Amino acid sequence: MDYRNAGVDIEAGYASVELMKKYVKETMRPEVLGGLGGFSGAFSMAAMKDMEKPTLVSGTDGVGTKLKLAFMMDKHDTVGIDCVAMCVNDIACAGGEPLFFLDYIACGKNYPEKVATIVKGVAEGCKQSGAALIGGETAEMPGFYPMDEYDLAGFAVGIVDEKNLITGAGIKPGDVLVGIASSGVHSNGFSLIRRIFDMSAESLCTYYEELSGTLGETLLTPTKIYVKALRSIKEAGVTIKGCSHITGGGFYENIPRMLPEGTHAVIEKAGYEVLPIFRLMQKTGNLEERMMYNTYNMGLGMVLALDPADVDRAVFAIASAGEKAYAVGEVRQGDKGVTIC
């Protein structure tokens, strides 16, 4: 009896590391100290000494049951982007600049090429956000996970000068709500999606004219990373008063999280484009509209609260970063919450 006979292949682990090194290398920043393979990742803070009050912000998340689609379609090169996005978007929401990222992959069996493909996606997400991939862990856990399945989670750390933290404290009635378009469903609500649609190969490969692609391709579209767009707003000299990352819980849970007491958000559905995938989901699943807005991003991955005088500059900055933005509502006086009309 040995470890391999117990289901854990140490040599496969070594092979995975070798295959992923080239992707990890592409994410490096000057602050990274040492290389891949140590017991920890080291990151210099010297460049932050000019901040008045450097403040670390962090985020951790996983991809969730969206991974089930990756298993069914045997497509593993984009879920890593989702993993990074869910973490760094939360950091950017607080005004932070992502510095580094660590991933955790747990699997039933370590297939080196598959693991390397997953990490390739993680590295792509890190490049999109400017974060260095400074470490991670691949855990082979036979008997705990099925042989051909895995879980993927991550952790990110960013930095912001305390005076630039986005807290929502300055939001007041009359402020304008600006939404930044999502790329699709992102990484939330897939347990419901797997009940709405038949998850067979035939169903996932079905082409829909309104989606301009197959169902599977549309659902696996990676989560949008908003770091560059929010950075562009800051560089334009615009103060973001509040920022909501529209993840699990949709509009009703996430938008109130940025609001101070005594303020109420009003979102106008006609102010932006609801993506076709959400209309298809609602129709196919016969879902109530409120539940859709209470579960999904409905086409807006971020909602910002801005002074009315800053809206045009912010929208222009977002467009210059390659994203679409819409003025979708306003802040009013009232109980903390959101109305969608």
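Model, not experiment: these values are computed from the prediction.

Examining the overall build of the protein chain
Point 1. Across its full length, the protein chain holds twelve helices and 14 strands.
Point 2. Since a compact globule built from 341 residues should have a radius of gyration of about 20 Å, the 21 Å found for the protein chain is in line with a globular shape.
Point 3. Expressed as a percentage of its 341 residues, the buried residues of the protein chain come to 52%.
Point 4. Restricting to contacts in the protein chain with at least 6 residues of sequence separation, those with at least 24 account for 86%.
Point 5. Carbon and sulfur atoms provide 51% of the accessible area of the protein chain, an area that totals close to 15600 Å².
Point 6. The distance from the centre of the 32 positive side-chain charges to the centre of the 43 negative ones in the protein chain is 3 Å.

Thoughts on the sheet that holds strand β6 (residues 150–161)
Point 1. Reading across the sheet, the four strands line up as β3-β6-β4-β5 and stay open at both edges, with mixed pairing between neighbours. The sheet terminates laterally at β3 (54–62) and β5 (132–140), the two strands that pair on one side only. The mean angle between the axes of side-by-side strands here comes to 15°, regardless of whether they run parallel or antiparallel.
Point 2. Relative to β5, strand β4 (residues 97–107) runs parallel, the two being bridged by eight bridges.

Overview of unusual backbone geometry
When glycine is set aside, most residues are seen to have a negative phi, and most peptide bonds are trans.
Point 1. Unusually for a residue other than glycine, Ser212 sits at a positive phi of about 55°.
Point 2. Its location among the elements puts Ser212 in the loop between β8 (207–208) and β9 (213–214).
Point 3. Unlike most non-glycine residues, Met298 shows phi in positive territory, near 55°.
Point 4. Position of Met298 relative to the elements: it lies in the loop between α11 (289–293) and β12 (300–306).

Focus: helix α8 (residues 227–235)
Since there are 3.6 residues in each turn of an α-helix, residues three or four apart along the chain are aligned in direction.
Point 1. Inspection of α8 places Val227, Ala229, Leu230, Ser232 and Ile233 among the buried residues, and these make up the whole buried set.
Point 2. One or two residues past the end of α8 sits Gly237, with phi positive at roughly 85°.

A look at the nonpolar core
Point 1. Counting residues in each nonpolar core, the largest one holds 53 residues, and the members touching the most others are Phe101, Tyr150, Leu230, Ile233 and Leu304.
Point 2. Not counting chain neighbours up to four residues away, the residues in contact with Tyr150 comprise Leu67, Ala70, Phe71, His76, Val79, Ile105, Ala106, Cys107, Lys114 and Ile118.
Point 3. Among the nonpolar cores identified, the runner-up in size contains 43 residues, and Phe197, Leu211, Ile255 and Val303 belong to it.

Quick look at empty space enclosed by the protein
Point 1. Scanning the entire structure with this criterion turns up one cavity of 30 Å³ or more.
Point 2. By volume, the largest cavity is sized at about 60 Å³.
Point 3. Lining the largest cavity are Ile105, Cys107, Lys109, Asn110, Tyr111, Lys114, Val115, Ile118, Met147, Asp148, Glu149 and Tyr150.
Point 4. Counting only elements with at least two residues in the lining of the largest cavity, the list comes to β4 and α4 (112–129).
Point 5. Here the lining of the largest cavity gets three residues from one element, more than from any other, and that element is α4.
Point 6. Here the lining of the largest cavity is built from residues that sort into seven nonpolar, one polar and four charged.

Comments concerning the sheet that holds strand β11 (residues 263–267)
Point 1. With mixed pairing, six strands are arranged side by side in an open sheet as β10-β12-β7-β13-β11-β14. Among the strands making up the open sheet, the edge pair consists of β10 (242–245) and β14 (337–340). On average, each strand axis in the sheet is tilted by 25° relative to the strand beside it, whichever way the strands run.
Point 2. Where β11 and strand β13 (residues 325–333) come together, five bridges link them in antiparallel fashion. Note on β13: the bridge partner recorded for His264 is Arg332.

Brief notes about the environment of Ser58
Point 1. You can see Ser58 is positioned in strand β3.
Point 2. Sequence separation between Ser58 and Cys87 is 29 residues; the distance between their C-alpha atoms is 7.8 Å.
Point 3. Residues within four places of Ser58 in sequence aside, it is in contact with Ile91, Phe155, Ala156 and Val157.

Considering the packing of helix α1 (residues 10–25) against α4
Point 1. Contact geometry for α1 and α4: axes closest at 8 Å, N-to-C directions at 30°. Relative to α4, α1 is oriented roughly parallel. Of the two possible hands of crossing, α1 and α4 adopt the one that is right-handed. In contact with Ala12, Ala15, Ser16, Leu19, Met20, Tyr23 and Val24 of α1, α4 contributes Pro112, Glu113, Val115, Ala116, Val119, Lys120 and Ala123.

The rules behind each value
Residues numbered from 1 in each chain as written. Predicted model: local features only at pLDDT ≥ 70, side-chain atom pairs only at ≥ 80, totals over all residues. Heavy atoms only, no water. Helix = DSSP H or I, 4+ residues; strand = E, 2+ residues; numbered from the N terminus. Rg over C-alpha atoms; globule rule 2.2 N^0.38 Å. Buried < 20%, exposed > 50% of the residue type's maximum accessible area, 1.4 Å probe, protein only. Contact = heavy atoms within 4.5 Å. Areas by Shrake-Rupley, 256 points an atom, 1.4 Å probe, with all protein chains shown as cover. Lys, Arg positive; Asp, Glu negative; His and termini not counted. Charge placed at Lys NZ, Arg CZ, Asp CG, Glu CD. Pairing = 2+ DSSP bridges. Axes fitted to C-alpha atoms, helices over the stretch in contact; angles between N-to-C directions. Core = buried A, V, L, I, M, F, W, Y, C linked by side-chain atoms within 4.5 Å. 1 Å grid on protein atoms, 1.4 Å probe; cavity = no way out; pocket = protein on both sides within 12 Å on 5 of 7 lines; lining within 4 Å. Points joined across faces, edges and corners; volume = space filled by probe spheres on them. Nonpolar A, V, L, I, M, F, W, Y, C, P; charged D, E, K, R; others polar. Parallel < 35°, antiparallel > 145°, perpendicular 65-115°, else oblique. Left-handed = near helix turned anticlockwise from the far one by under 90°.

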